[in-house]
Amino acid sequence: MNTTTLTSGAVRERLHTLVVIDVRTPAEYAGGHLPGAHNIPLDDLEHALPTLREVADRSDLLVVCASGARSQNASVTLSRNGIPAAGLEGGTAAWVAAGGDLHRPVATAAPKWAMDRQVRLTAGSVVLLGLLLGLVIHPAFQLLSAGIAAGLVYSAVSDSCAMATLLGKLPYNRTDLNTTLAALRNN
């Protein structure tokens, strides 16, 4: 399924006319996002389809993520549901490289760690735990470390991350979707 992508330059020219949907995790979004972007994580996109359909009837949608991979997935989902949307070529990384500004909201709570940092902490902790238990209790616990290593290899090859998906379901990694959808309806 073909989806449209816009360069950072094209987005800069049209940003005032676009409704920007950032499909990254809340922590990534809080770390810096395109001005005016609304956070609807990719995992919540299906729940937001009715509102996004309404918004797309009034304005052009731009879907954004870190590198363009998740926004491509989001654009396919939207297109499959009859909702036209473009993606930002190269994501926020390309936006910043082209000199675009990122909005960083004032922190009102403890700062959230980016998802990749959470994955590194969790994976590293489980690997160390497996090695330690393998030395102290039984060598079979080293299989835990091997399992994490295999998961990391699969993650790199498939460009997906089951651990990030699981961590994304934790309460501190969730966004208040109802508030975001209400803001979009009133936009």
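Structure: see above.
Residues numbered from 1 in each chain as written. Predicted model: local features only at pLDDT ≥ 70, side-chain atom pairs only at ≥ 80, totals over all residues. Heavy atoms only, no water.

Re the packing of helix H6 (residues 115-136) against helix H7 (residues 142-158)
Interaxial distance between H6 and H7 falls to 6 Å at its minimum, and their mutual angle equals 155 degrees. Put simply, H6 runs roughly antiparallel to H7. The hand of the H6/H7 crossing is left-handed. In contact with Ala-123, Val-126, Val-127, Gly-130, Leu-131 and Gly-134 of H6, H7 contributes Gln-142, Leu-144, Ser-145, Ile-148 and Leu-152. The residue makeup of the contact of H6 with H7, split by class, is seven nonpolar, four polar and no charged. (Axes fitted to C-alpha atoms, helices over the stretch in contact; angles between N-to-C directions. Helix = DSSP H or I, 4+ residues; strand = E, 2+ residues; numbered from the N terminus. Parallel < 35°, antiparallel > 145°, perpendicular 65-115°, else oblique. Left-handed = near helix turned anticlockwise from the far one by under 90°. Contact = heavy atoms within 4.5 Å. Nonpolar A, V, L, I, M, F, W, Y, C, P; charged D, E, K, R; others polar.)

A closer look at the sheet that holds strand S5 (residues 86-88)
Backbone hydrogen bonds are what pair the strands of a sheet, in a parallel or an antiparallel way. The sheet built from five strands is open, its strands ordered S1-S5-S4-S2-S3 with parallel pairing. This sheet does not close on itself; its edge strands, each paired only once, are strand S1 (4-6) and strand S3 (38-39). As paired strands, S1 and S5 are joined by three bridges and run parallel to one another. Residue Thr-5 lies in a different strand from S5, and its bridge partner there is Gly-87. Most of the contacts of helix H4 (residues 69-80) go to strand S4 (residues 60-64), to which it runs at about 145 degrees, and overall it touches S4 and S5. (Pairing = 2+ DSSP bridges.)

Side note on the packing of aromatic side chains
One pair of aromatic rings is described through two measures. These are the centre distance and the angle between the planes. Going through the model one piece at a time under the given rule, you end up with zero aromatic pairs. The aromatic ring of Trp-95 is capped on one face by Arg-12, whose charged end is 5.4 Å from the ring centroid. (Phe/Tyr/Trp six-rings, centres within 6.5 Å; stacked < 30°, edge-to-face > 60°. Lys NZ or Arg CZ within 6 Å of the ring centre and 35° of its normal.)

Some words on the state of the cysteines
In the structure shown here, the tally under the stated rule is zero disulfides. Free of any disulfide, Cys-65 has its nearest neighbouring cysteine sulfur in Cys-161, separated by 15 Å. Given the relative accessible area of 1%, Cys-65 is considered buried. (Disulfide = S-S within 2.5 Å. Buried < 20%, exposed > 50% of the residue type's maximum accessible area, 1.4 Å probe, protein only.)

Concerning the nonpolar core
Ranked by internal contacts, the top residues of the largest apolar core, which has 20 residues, are Ile-21, Ile-40, Leu-52, Leu-61, Leu-78, Ile-83 and Leu-184. Of all the elements, helix H3 (residues 45-58) adds the most residues to this core, at six residues. Once residues lying within four places of it in the same chain are set aside, the contact partners of Leu-78 are Leu-45, Leu-49, Leu-52, Val-63, Ile-83 and Ala-85. (Core = buried A, V, L, I, M, F, W, Y, C linked by side-chain atoms within 4.5 Å.)

Focus: helix H9 (residues 177-185)
All of the buried residues in H9 are Leu-177, Thr-180, Leu-181 and Leu-184. One side of H9 carries all its buried residues, which in axial view fall inside an arc of 95 degrees. Contact partners of the buried residues in H9: strand S2 (18-22), S3 and H3. (Arc of directions from axis to C-beta.)

A short note on H7
The α-helix winds at 3.6 residues per turn, so residues separated by three or four positions along the chain end up facing the same way. Compared with an ideal rise of 1.5 Å per residue, which puts 17 residues at 24 Å, H7 spans 24 Å between its outermost C-alpha atoms and is within 8% of the ideal. Within H7, the full set of buried residues consists of Ser-145, Ile-148 and Ser-155. Considered in projection along H7, the buried side chains sweep an arc of 80 degrees and stay on one side of the axis. Exposed side of H7, more than 90 degrees from the buried face: Leu-143, Val-153, Tyr-154 and Val-157 are the residues found there. Residues of H7 that are buried in the fold lie against H6 and helix H8 (162-168). Phi turns positive one or two residues past the end of H7, at Asp-159, with a value near 55 degrees. (Expected span 1.5 Å × (residues − 1).)

Focus on the layout of surface pockets
For the largest pocket, the calculated volume is near 790 Å³. Lining the largest pocket we find 28 residues, and of these Arg-70, Met-115, Ser-160, Cys-161 and Ala-164 sit closest to its centre. At the level of secondary structure, the elements contributing two or more residues to the lining of the largest pocket comprise helix H2 (26-30), H4, H6, H7 and H8. Along the lines of polarity and charge, the residues of the lining of the largest pocket split into 13 nonpolar, eight polar and seven charged. (1 Å grid on protein atoms, 1.4 Å probe; cavity = no way out; pocket = protein on both sides within 12 Å on 5 of 7 lines; lining within 4 Å. Points joined across faces, edges and corners; volume = space filled by probe spheres on them.)

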